[in-house]
Structures are given as structure tokens and as C-alpha cells.
Amino acid sequence: MTATQNKIVHGILAKRGLMDMKESIVRQFTQGRTSSSAEMTDEEAKHLINNFNNVSPAVKPIVNDALDKKRKQLFAMGYSIGEQPAFVKNWCETMGVGNDKRKFNDYSHSELIALVAKFKKVVEHRVSKVRE
């Protein structure tokens, strides 16, 4: 892989909020040979870049599965305190991550991780209120 290709790969993943999943994505495109983008072959890098630029079905399952897992984790946490998914969605859209507030399904993987951490505090607060 060339240095330019490596920059492109990092740029694509950063733009989509997937840098925290880089190793698993690289592993998929190298058939498990490596998790380092710098160790990808020229052909592997071209395949990854083309797949992300074309948003082909070969890439969507990894991304969507990880995002769905985090969304489901938020819903499960909501259920644990007696709330419905609509409450969780509204809370996420209202609270946001940092200064960024988005529609629930528009959050990136790293943003969903941050929302899970924030929502854990809500759950802990509710649980402590019940115990009192």
C-alpha cells in the first residue's frame, strides 16, 4: 500500500466515524492477515477504498452491525429503567455528544459509544432513586 492510499483509508474511516473500528475493517479486507492498514497490499487498499466510496453491500454489514449493536444497547438500558425506545431516541437527540445533536440514526459509532456512557449515568441515577 502506498502512503497516499493509507491517508485515503484513514480519511474515509475518520469521515465516517469508524476509526475505532479500523482494525476489524482492515482484517475483513485482508482476510484476517493483518489489522494494520499500513500492512495492507495495494490491491487490498484499492478494494477497501472502492468499497467505501461506492458504499457497497460488502462493507455495510460491518458498519451497520456495530451501530445497531450500540443502538440496541441504549434501548436495553432504557428498558431496564422502564423507558420505551422513543424516550431513548429523544434523550439522545436532545443530549447529543459534546455540542453535536443529531437524529438518533445519524450518530457515528464513536458518538454512540459516548451516548452509552452518558446514558449509563441516567440509569445509575434512576436505580439509586428507586433504592432510596
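What you are looking at is a predicted structure, and each value in this text was computed from that prediction instead of being measured. (Residues numbered from 1 in each chain as written. Predicted model: local features only at pLDDT ≥ 70, side-chain atom pairs only at ≥ 80, totals over all residues. Heavy atoms only, no water.)

Novice: Honestly, the nonpolar core in this entry has me stumped. Any pointers?
Specialist: Within soluble globular proteins, side chains that are nonpolar generally end up buried alongside one another. If you look at the biggest cluster of nonpolar residues, it comprises 17 residues, and the most contacted ones within it are L74, C92, L115 and F119. Listing elements by their share of this core, those giving two or more residues are α4 (60-80), α5 (85-95) and α6 (109-131). The biggest single contributor to this core is α6, with six residues. Once residues within four sequence positions are removed from consideration, C92 is found in contact with L74, F104, Y107 and L115. Of all hydrophobic cores here, the second largest spans 13 residues; its members include V9, I12, L48 and I49. (Core = buried A, V, L, I, M, F, W, Y, C linked by side-chain atoms within 4.5 Å. Buried < 20%, exposed > 50% of the residue type's maximum accessible area, 1.4 Å probe, protein only. Helix = DSSP H or I, 4+ residues; strand = E, 2+ residues; numbered from the N terminus. Contact = heavy atoms within 4.5 Å.)

Novice: Honestly, the side chain of H109 in this entry has me stumped. Any pointers?
Specialist: Within the element layout of this structure, H109 appears in helix α6. In this structure H109 comes out as buried when scored by relative accessible area, which is 10%. Here H109 is in contact with G17, D20, M21, A66, L67 and K70, once residues within four sequence places are set aside.

Novice: Mind showing me how you'd approach α5 here?
Specialist: Two residues of an α-helix separated by three or four positions point the same way, owing to the 3.6 residues in each turn. Buried within α5 we find V88, W91 and C92. On an axial view of α5, the arc spanned by its buried residues comes to 95 degrees, and they lie on one face. In the segment just after α5, G96 is the residue with positive phi, at about 65 degrees. (Arc of directions from axis to C-beta.)

Novice: What should I look at first to understand the pattern of salt bridges in this one?
Specialist: One side chain can pair with another of opposite charge once the charged atoms of both are near each other. Per the stated rule, a full pass over the model turns up eight salt bridges. The salt bridge partner of E44 is R33, with a shortest N-O separation of 2.4 Å. With E44 in helix α3 (residues 42-54) and R33 in the loop between α2 (22-29) and α3, this residue pair connects regions lying 11 residues apart in the sequence. Overall, the relative accessible area of 13% leaves E44 in the buried class. Overall, R33 belongs to the partly exposed group, its relative accessible area being 46%. (Salt bridge = Lys/Arg side-chain N within 4 Å of Asp/Glu carboxyl O.)

Novice: For this particular structure, what's the right way to read the packing of aromatic side chains?
Specialist: Geometry of an aromatic ring pair is reported as the spacing of the ring centres plus the angle between the planes. Scanning the model with the defined rule gives two aromatic pairs in all. Plain terms: the ring middles of W91 and F119 are 4.9 Å apart, the flat faces sit at 75 degrees to each other, and that makes the pair edge-to-face. Of this pair, W91 sits in helix α5 while F119 sits in helix α6; the two residues are 28 residues apart in sequence, bridging distant segments of the chain. F119 carries the same exposure label as W91, and that label is buried. (Phe/Tyr/Trp six-rings, centres within 6.5 Å; stacked < 30°, edge-to-face > 60°.)

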